[in-house]
Structure formats: C-alpha cells, structure tokens
Amino acid sequence: FDVNRDFTAEAWIRLSTQSPLSTNYVMGNGAMRPFHPAVTETGLAGWFLTMHALPAQSSAAGMMALQIGTGEGSEEPQGPTPPWGGAWHHVAVCNKALPDGAFRFALFCDGRQVLQQNRPSAQVFASPVDFCLGPTEQSPPPTGFQGDMKAFRLSAGLRYETSFEPPAVFTSDANVL
C-alpha cells in the first residue's frame, strides 16, 4: 500500500484488558529492519498504528503511537489510548498531501484529532509488506492485538480533517479501496 497518497484508514475497535508485555498492532504496512531483510535503509519502512499496553512506569504506558518510517529510523508521535475494556472506539489515520510535497499524518480517536505529524515525502520509504490489520510476522515481539475489531474501511482521499461524529456503520462508496 503506497503511503505517498491521500488516504483514510479507519476501524472500530474494542481493547480488552491490557497485558504488561504486549504492544497492540492495530493496522498499517510497517516493516522493521531486524525482522524483514528487504528493509535496509531505515529502521522502519511504511507506517503502523500501535497501542502500547505497558506498565505504568513505562514511558509508553497508556499511549497510542502512530509510527512512521523515515530516513532516520521511525518517529512515534503519541496520543492517549482509548480506555481499555468493554467500550467500542473509532480510530482513523488520515494521510494528506501538502502543497510543498510533504505529507501530514493525523490520528483521530472517537472523532477527535489526538495527534498529527508532518513529514517530507522523501522520509517515507515504500514498505515491502502489504497493508494488514493486527501484527505481522515482521512486528517485533511481544506483539498482538488484544481486543476486537468489528469494522474496517480503507479509502482513497481524506474523510476527516476536523472533529466529526464517527459513522456507526461504514458505507461503501467510490472512494473505498
């Protein structure tokens, strides 16, 4: 999946009780150099959305990270993770082309933007991994997805740029990939 285009990837997820040893991989096409021989120029190629379920003393405890492959390794802008246990939450990653050739990744949780990251297009390398939901064999251990996903939609273009009311049901239209 080419990250150098406008797109929206969104899902309805429910996170179960957090484990002190796991990172929840929600979606993306990230591949890490130690786990994939085709990744040679950077620490991470592509991108993925993770939710860290780590102990309270960890710097990543209770955080949701949008990891983006760059020429220098990976960037991990972080925002708050939706509450664990029971409730369904809508998450959306939107990638927007900017006039100067750069791109802006934005992460929305339950219709509110929780973080964004601008990056020059030269910093993102094509990933050798197909887009996936949950972890891949290239994800570093210990990983998984502890919870449920009831719906997913990948669309060309931007569906969200400001706060919005998450759709209860995803519909199909000409932009769905």
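Computed from a prediction, not measured in an experiment: that's the story for all the values here.

Draft legend 1. Summary view of the environment of cysteine 132. The topology assignment puts cysteine 132 in strand β12 (residues 132-133). For cysteine 132, a relative accessible area of 18% corresponds to the buried category. Taking the C-alpha atoms as reference, cysteine 132 lies 9.6 Å from tyrosine 25; in sequence the two are 107 residues apart. In contact with cysteine 132, other than residues within four places in its own chain, are Val26, Met27 and Gly28.

Draft legend 2. Seen up close, the sheet that holds strand β10 (residues 103-109). Pairing in this open sheet of five strands is antiparallel, and the strands run β11-β10-β9-β1-β14 from one edge to the other. In the strand order of this sheet, the two ends are held by β11 (112-119) and β14 (147-156), each with one partner. The mean inter-strand angle of the sheet, taken between neighbouring strand axes irrespective of direction, is 15°. Relative to β14, strand β1 (residues 7-15) runs antiparallel, the two being bridged by nine bridges. Counterpart to alanine 11 in the pairing with β14 is phenylalanine 152.

What counts and how
Residues numbered from 1 in each chain as written. Predicted model: local features only at pLDDT ≥ 70, side-chain atom pairs only at ≥ 80, totals over all residues. Heavy atoms only, no water. Helix = DSSP H or I, 4+ residues; strand = E, 2+ residues; numbered from the N terminus. Buried < 20%, exposed > 50% of the residue type's maximum accessible area, 1.4 Å probe, protein only. Contact = heavy atoms within 4.5 Å. Pairing = 2+ DSSP bridges. Axes fitted to C-alpha atoms, helices over the stretch in contact; angles between N-to-C directions.

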